[in-house]
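# Geometric and topological summary
Chain residues, written in single-letter form:
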Amino acid sequence: MASSFNVHSADGYEQLMGRWSRRLAIPFIEFAGVRDGERVLDVGCGTGSLTFALPEAADIGEVRAIDYSPVFVEEAARRNADARIRIGQGDACAIPFPDAAFDRALSLLVLHFVPEAGKAVDEMRRVVRPGGVVAAAVWDHLGGLPVMRLMWDTVAMLDESAVEKRSRYCFQPMMQPNEMRDAFVKHGLTDVEQASLTIRMDYQSFDDFWAPIAAGEGPLGAYVTSLDAALRKKTDTAVRAAYEAGRPDGPRSFAAVAWACKGVVPQGVEATLPPRARLPVSSPL
Ligand SMILES: C[S@@+](CC[C@H](N)C(=O)[O-])C[C@H]1O[C@@H](n2cnc3c(N)ncnc32)[C@H](O)[C@@H]1O
């Protein structure tokens, strides 16, 4: 399986996460350090939060963006009005570009959905020139995302079957302290640096917060929409109480922390993946 991502509607994704990944893209680009004229690859572009922020941060030469999901590729391409940006379908574990084609490969909130995340790091390293940079960020689901924990902790209190789901959510790939840093080192990157990036997620009301999940988006959405009517009602009430925290419904703001890592591609690294992963750089992607 190349991906465990299970959001299917671009609008739902925007409300659940896209509006926040747009915020996170700014400190992530600062951390990854893009420069004028560079060729940059966005791996797992989704609806384009990072893709479209890149040319705003520097006078980028070219951005190529790939995503596994055709729904997201279509939506990101629909939004694109910049001739320097090209978006297409592709798997992070078999990136459809030749070796050393980019100055940087960046990936925002993707590696935790890739069961073989190390393979994706290998591929990002392969397509970046020696001296170029590979950078990635994932949420810290266990310790850095209280807005999601308040929901998972609530459902795990109400339903034994949610306990295992919470555990899976908290320990997705690359989320434990130093896990991504160690993977970057193991997969041949040098000068590896790790950081915590923080944004705030600001909701207008409980409905603003809960609507995409109530509609079935993400792993929690899949869970709540599978409940029988009685447990669903209990769940909605308990999550609302956790959101409101004893005050009337209204705006709430939550800190959100991501693990970020970057590393440099050393001189003389040989590509390790089979040629089938490599298409000409002039490929339509
Ligand atoms: C949480 S979204 C992040 C999207 C975007 N980078 C952002 O920050 O808004 C995760 C994205 O990773 C993509 N994805 C998951 N596994 C992938 C894989 N193996 N190859 C490419 N994209 C993948 C999903 O389709 C989804 O668009």
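For the structure, check the block above.
We now turn to the structure provided with this report. (Residues numbered from 1 in each chain as written. Predicted model: local features only at pLDDT ≥ 70, side-chain atom pairs only at ≥ 80, totals over all residues. Heavy atoms only, no water.)

### Notes on the sheet that holds strand β1 (residues 39-43)
- Spatially, β3-β2-β1-β4-β5-β7-β6 is the arrangement adopted by the seven strands of the open sheet, whose pairing is mixed. In this open sheet, the two edge strands, each paired with only one partner strand, are β3 (85-89) and β6 (190-203). Taking each pair of neighbouring strands and ignoring which way they run, the sheet shows an average axis angle of 20 degrees.
- With 12 bridges joining them, β6 and strand β7 (residues 252-264) adopt antiparallel strand pairing. From the neighbouring strand, Arg200 faces β7, where its bridge partner is Ala255. (Pairing = 2+ DSSP bridges. Helix = DSSP H or I, 4+ residues; strand = E, 2+ residues; numbered from the N terminus. Axes fitted to C-alpha atoms, helices over the stretch in contact; angles between N-to-C directions.)

### Here's the deal with the packing of helix α5 (residues 146-158) against helix α8 (residues 206-214)
- Running from amino to carboxyl end, α5 crosses α8 at an angle of 60 degrees, the nearest separation of the two axes being 13 Å. In terms of their interaxial angle, α5 and α8 are classed as oblique. Read as a crossing pair, α5 and α8 show a hand that is right-handed. Along the contact surface, α5 presents Val147, Leu150 and Met151, while α8 presents Phe209, Trp210 and Ile213.
- Within the contact of α5 with α8, the residues separate by chemical class into six nonpolar, no polar and no charged. (Parallel < 35°, antiparallel > 145°, perpendicular 65-115°, else oblique. Left-handed = near helix turned anticlockwise from the far one by under 90°. Contact = heavy atoms within 4.5 Å. Nonpolar A, V, L, I, M, F, W, Y, C, P; charged D, E, K, R; others polar.)

### Regarding the site of the ligand
- The environment of the ligand is formed by 20 residues, the closest being Tyr13, Ser21, Gly44, Asp67 and Leu108.
- Between the ligand and Gly44, the relevant distance is 2.7 Å, taken from a nitrogen atom to a main-chain nitrogen or oxygen of the residue.
- Protein coverage of the free-state accessible area of the ligand, which is 590 Å², stands at 98%.
- Of the residues contributing to the shell around the ligand, the split by class is 11 nonpolar, seven polar and two charged. (Near = heavy atom within 4 Å. Polar contact = N/O pair within 3.5 Å; in protein donor to acceptor, adjacent residues only side chain to side chain. Areas by Shrake-Rupley, 256 points an atom, 1.4 Å probe, with all protein chains shown as cover.)

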